[in-house]
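So you can see what is in the structure, the chains are spelled out below.
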Amino acid sequence: MDEMDPESDMTRDNSEALIVIDVQNDFCPGGALAVAGGDEIVPLVNRLIQSHAHVILTQDWHPAGHTSFASAHAGKAPFESIELPYGSQTLWPDHCVQGSKGSEFHPALAWTKAELVIRKGFRPAIDSYSAFFENDHTTPTGLAGYLRERGLTRLTLVGLATDYCVAYSALDARKLGFDTRVQMGACRAIDLGGSLAAMSERMRAADVVLA
Ligand code: VGL
Ligand code: ZN
């Protein structure tokens, strides 16, 4: 469809939103928490951005010394887990530090069309995988309210990483009553200890459509 067609917004389904999760330098090869093939999804994500009337991005956005960083816990290494007041937390290499090169969107991502960028993980003492709730599963990001107020009820999720931020976002979206699809070809996984298979199963069980 012609992007400049003044009727394109009406002929498209205005209840549908594309949510592009964390397509940032640190999750791509060469980045601090590189996801294998993370950059490969960019051309496909760009086509999906073009074909959706409404596009929302998320951006992992941590202050230096964030509690999810292994470096913030003496004697701990990346990919170990610790218990925090809100539950078990996997520890990560320092990544997506606010304002750093690594926190920027991949340079080839066609992000300018996005109507909203939702930043997450900015509270020093709590991580946030989901675009909807922090990892305590109760502190909202505001995204659900935004979508509801806009009448955007059908969501397609793509991005990084399949088994963390994409999956937790999809599960919360279902919990909140959104029609939810994950386009798996436009996602890549970290796959830590079988996490991709486990989270795919949880998504299927929650009626997330895995396309
Ligand atoms: C993510 C781990 C830590 C993600 C973000 O975007 O999947 N994973 N922070
Ligand atoms: Zn993070």
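As shown above, the structure is provided for reference.
Just so it is clear, the model here is predicted, and its values are computed rather than measured. (Residues numbered from 1 in each chain as written. Chains lettered and ligands numbered in written order. Predicted model: local features only at pLDDT ≥ 70, side-chain atom pairs only at ≥ 80, totals over all residues. Heavy atoms only, no water.)

Chemist: What's the story with the packing of helix 4 (residues 162-175) against helix 5 (residues 195-205) in this structure? I'm lost.
Modeler: What describes two packed helices is the angle between their axes and the distance between those same axes. Running from amino to carboxyl end, helix 4 crosses helix 5 at an angle of 10 degrees, the nearest separation of the two axes being 10 Å. What the angle tells us is that helix 4 and helix 5 run roughly parallel. Classified by chirality, the crossing of helix 5 by helix 4 is left-handed. Together, Thr162, Asp163, Tyr164, Ala167, Tyr168, Ala170 and Leu171 of helix 4 and Ser195, Leu196, Met199, Arg202 and Met203 of helix 5 make up the contact between the two elements. (Axes fitted to C-alpha atoms, helices over the stretch in contact; angles between N-to-C directions. Helix = DSSP H or I, 4+ residues; strand = E, 2+ residues; numbered from the N terminus. Parallel < 35°, antiparallel > 145°, perpendicular 65-115°, else oblique. Left-handed = near helix turned anticlockwise from the far one by under 90°. Contact = heavy atoms within 4.5 Å.)

Chemist: Honestly, the pairing of strand 6 (residues 154-160) in this entry has me stumped. Any pointers?
Modeler: Remark: a regular strand shows side chains that alternate across the two faces of the sheet. Counting buried positions over the seven residues of strand 6 gives six, a clear majority of the element. Sheet topology note: the strand 1 (residues 16-21)/strand 6 ladder contains six bridges and is parallel. Across the sheet, Ile19 pairs through a bridge with Leu157, a residue of strand 6. With six bridges connecting them, strand 6 and strand 7 (residues 179-188) associate as parallel partners. The partner of Leu155 across the bridge, within strand 7, is Thr180. In this region the chain leaves strand 6, passes through helix 4 and returns to the parallel neighbour strand 7; the handedness of that crossover is right-handed. (Buried < 20%, exposed > 50% of the residue type's maximum accessible area, 1.4 Å probe, protein only. Pairing = 2+ DSSP bridges. Right-handed = clockwise from strand over helix to strand, strands pointing away.)

Chemist: Help me understand the sheet that holds strand 1 in this model?
Modeler: What links the strands of a sheet is backbone hydrogen bonding, and the strands pair in either a parallel or an antiparallel sense. Reading across from one edge, 5-2-1-6-7-8 is the order of the six strands in this open sheet, with parallel pairing throughout. Only two strands of the sheet have a single neighbouring strand rather than two, namely strand 5 (116-120) and strand 8 (209-210).

Chemist: Honestly, the coordination of the zinc ion (ligand 2) in this entry has me stumped. Any pointers?
Modeler: In an ideal tetrahedron of four donors about a metal, each angle is 109.5 degrees. In an ideal octahedron of six donors, the angles are 90 or 180 degrees. Protein-derived coordination of the zinc ion (ligand 2) comes from Asp60 (OD), His62 (NE2) and His95 (NE2), at a distance range of 2.0 to 2.2 Å. For the zinc ion (ligand 2), the four donor atoms in the first shell make angles of 89 to 168 degrees at the metal, a pattern classed as irregular. If you list the donors of the zinc ion (ligand 2) from N- to C-terminus, the spacing comes out as D-x1-H-x32-H. Here His95 lies in the loop between strand 4 (87-90) and strand 5 and Asp60 lies in strand 2 (residues 55-60), a separation of 35 residues in the sequence. There is no split in this pair, since Asp60 and His95 are both buried. (Donors = N, O, S within 2.8 Å, 3.2 Å for Na, K, Ca; no water. Tetrahedral: all angles 85-135°; square planar, octahedral: opposite > 155°, others 65-115°.)

Chemist: What's the story with the packing of aromatic side chains in this structure? I'm lost.
Modeler: We describe a pair of aromatic rings using the distance from one ring centre to the other and the angle between the two ring planes. Per the counting criterion, the structure on display carries seven aromatic pairs. Between the aromatic rings of Trp92 and Tyr129, the centroid separation amounts to 6.3 Å while the plane-to-plane angle is 75 degrees, which identifies the pairing as edge-to-face. Of this pair, Trp92 sits in the loop between strand 4 and strand 5 while Tyr129 sits in the loop between strand 5 and helix 3 (143-150), placing them 37 residues apart in sequence. Under the relative-accessibility criterion, Trp92 is labelled buried at 3%. In this structure Tyr129 comes out as buried when scored by relative accessible area, which is 9%. A network of ring pairs unites the aromatic residues Phe79, Trp92, Tyr129, Tyr164 and Tyr168 as a single cluster. Residue placement shows Arg119 over the ring face of Trp61; its charged tip is 3.9 Å from the ring centre. (Phe/Tyr/Trp six-rings, centres within 6.5 Å; stacked < 30°, edge-to-face > 60°. Lys NZ or Arg CZ within 6 Å of the ring centre and 35° of its normal.)

Chemist: How should I be thinking about the state of the cysteines in this particular structure?
Modeler: Note on terminology: disulfide describes a covalent bond linking the sulfur atoms of two cysteines. Throughout the structure, instances matching the rule amount to zero disulfides. Cysteine Cys28 shares no disulfide, and the gap to the nearest cysteine sulfur, in Cys96, comes to 9.6 Å. Here Cys187 is not disulfide-linked; the sulfur of Cys165 is the nearest cysteine sulfur, at 11 Å. (Disulfide = S-S within 2.5 Å.)

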